[in-house]
Amino acid sequence: MNRTPTAEQASAPDTAVPEEFDEAQTLLEASHADPWAQISPSVYENARVVTVAPWLGGAGRRLRFLCDEQAADGGWGISGFRLVPTLSAVEALLTAWRRGEEPAGGGPEHVRRAAVRGIETLCTWLTGGQGSEEAEHLPDTVAIEVVVPGLIAQINARLDECRVTPLPGLPERLVSLGLPLPRGTDDSILAALRAATAGGRTLPPKLWHAWEILSPGRPFAREVRPVNGSVSCSPAATAAWLGGSPTGPESLGAGSTPMIPATGEARAALRFLEDLQQHRGGLLPLGGPMPNFERAWILASLATHGVPHQASEALLDDLDAVCLEEGMSAGDGLPPDADDTAVGLYALARHGRRRRPDSLLRYFNEGHFCTYPDERTASPTANAHALEALGYWTSRYPEDLPRFGAAVVGASDWLLSVQNAAGSWTDKWNGSPYYATASCVEALAAHAGETARPAVERAVSWVLNTRHPGGLWGHGAGTVEETAYAVWILRWSRDHRCARQVKEALDAARHTLTRGAITEASTPLWIGKDVYTPVRIARAARLSALHELVR
């Protein structure tokens, strides 16, 4: 049974819940006014920019951020996703220490202490000591197969330099060690890609997102084409393209202005970085700008769950304009992909825009959707969002069922086939199984009919069985964002045998969501090169869950 409201219902203000309407409007208006999107600061990204672009404004703030974000055990990041940010932070701190840079509001001792603790932690993880699971079970973060060996090589190079020119305060026992690669990894892919870039070969644009790893020492590479100043939506990749050479702009030191060629692309890239760091007070997000991603997800959440709101025609026009023949990308410099395309098309359809989802079929292959061509592992959430977009479209325009019907059935069958035995789904774009499961349950329950009912009830049972004490679900002791996704799942329960348990769980969730808040400091769950929080998207999820609980 499809419980989603019509486009008119989704957009119409409801005077019975003015507070929710105000909050939804605030989210939409803030997103439309912000061309960057609100993405939490990234340890990985800020650390890479500390290394390759000390000349960029806000350098002291970024260095202070790295020192402040270090955990008590000497590492960075959240459980299961700690190796990459810790490697990035340690390499940056060693480099900044060598250059004599200081964090805002602190002295060189802050950098020295954080670097020493970080090296000790990495050595423990990579040699099988306490916390070694962070190096033994690597997550499928973006470009991890090149990021990990690349950063380990850079840290070892920094330690080699200390044998020649010691860093005062760096223990001798650390100078003499070399960090090993995690078991089961090697640097063969990195070596091949670096050889290609050194030879001037043009890599697929999706690989430019890790340019700071793939091609150090080659500023202004002609085969990389920034879009509106952004190299693949990555501050680190853009900074590396501008000045990643050890003898280039970075040697000027913090606060100095690099020598930028008199080309429009180079000056636009410098302006992009300066504007972004000023907008964020020196700190840099994992990606930016990503307005298409943020706006589409907010609109889709509000519409799916019937949260009263009024999407402006200007906002819908802007989203419509970026849904191109080849699909939609998250933001400038990123290639189009099935996930963003699906959510963008679905959001537009739910708000009365008649844009037929033909572009989605470009990503349908071998019975399911690929997020982008040649991906290693398929994404359940991308397939769920594609099913949602096509299912909603064909329910409104049944004359198009012959064109899209095979893809609807294929995505449904594939999602049912990849459900975990316990009832959940997992995904490579989000570290939370609650997000993945909520996405799959909502699409299947709304558009796959009774065939999907057993899978939906298994998911409900999984949510009931994985609740933390109190009204929280998710990572660690639980998060507000994941509790919202638990509500999305539980609302689809139809099994009267667990009705009382579901009601009790929803009551507990209401208490959590009412009191809880989502900020840039909330547990990051979304996956790129690092994990991050798309703050407004997560707030829309919380608001949508609260609305489900009161309607």
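Predicted, not measured: the structure shown is a model, and the values here were computed from it.

An ideal rise of 1.5 Å per residue puts 20 Å on 14 residues; helix α14 (residues 291-304) measures up with 20 Å between its terminal C-alpha atoms. Counting buried positions over the 14 residues of α14 gives 14, a clear majority of the element. Backbone geometry just downstream of α14 places G306 in the positive-phi region, at approximately 70 degrees.

In terms of burial, helix α21 (residues 480-490) is largely enclosed, as eleven of its eleven residues are buried. Along α21, the residues classified as buried are V480, E481, E482, T483, A484, Y485, A486, V487, W488, I489 and L490. In this structure, the buried residues of α21 make contact with α14, α19 (433-447), α20 (453-465), α22 (499-515), β3 (526-527) and α23 (535-550).

So, on to the environment of A455. Its location among the elements puts A455 in helix α20. Sequence separation between A455 and L444 is eleven residues, and the spatial gap between their C-alpha atoms is 8.6 Å. Setting aside anything within four residues of it in sequence, one finds A455 in contact with L416, Q419 and W425.

Per the counting criterion, the structure on display carries 36 salt bridges. A salt bridge links R497 to D495, with the shortest nitrogen-to-oxygen separation between them at 2.9 Å. Given the relative accessible area of 18%, D495 is considered buried. The structure contains a network of salt bridges with shared partners spanning E313, D317, D320, R353 and R355.

By size, the foremost hydrophobic cluster in this structure holds 96 residues, and its most contacted members are F293, L490 and W526. Looking at which element gives the most residues to this core, the answer is α19, with ten residues. Leave out the neighbours within four places in its chain, and W526 touches F293, W297, W429, N430, Y435, E481, Y485, V531, Y532, P534 and I537. In this structure, A115, I152, A221 and A237 belong to the second largest nonpolar core, which totals 76 residues.

What follows is about the packing of aromatic side chains. All told, the structure shown has twelve aromatic pairs when counted by the stated rule. Where Y346 meets Y392, the ring centres are 5.8 Å apart and the plane angle is 85 degrees; that geometry is what we call edge-to-face. You can see Y346 sitting in helix α16 (residues 338-350) and its partner Y392 sitting in helix α17 (residues 380-396), a full 46 residues away along the chain. With respect to class, Y346 is no different from Y392; both count as buried. Ring centres of W393 and Y397 lie 4.3 Å apart, and the angle between their planes is 45 degrees; on these two criteria the pair is classed as tilted.

Right, let's get into unusual backbone geometry. The omega torsion across G288 and P289 is 0 degrees, close enough to zero to call that bond cis. Checked against the element boundaries, P289 lands in the loop between α13 (264-279) and α14. Although it is not a glycine, D374 adopts a positive phi angle of roughly 65 degrees. By the secondary structure assignment, D374 is in the loop between β2 (368-369) and α17.

Each value, and the rule that gives it
- Residues numbered from 1 in each chain as written.
- Predicted model: local features only at pLDDT ≥ 70, side-chain atom pairs only at ≥ 80, totals over all residues.
- Heavy atoms only, no water.
- Helix = DSSP H or I, 4+ residues; strand = E, 2+ residues; numbered from the N terminus.
- Expected span 1.5 Å × (residues − 1).
- Buried < 20%, exposed > 50% of the residue type's maximum accessible area, 1.4 Å probe, protein only.
- Contact = heavy atoms within 4.5 Å.
- Salt bridge = Lys/Arg side-chain N within 4 Å of Asp/Glu carboxyl O.
- Core = buried A, V, L, I, M, F, W, Y, C linked by side-chain atoms within 4.5 Å.
- Phe/Tyr/Trp six-rings, centres within 6.5 Å; stacked < 30°, edge-to-face > 60°.

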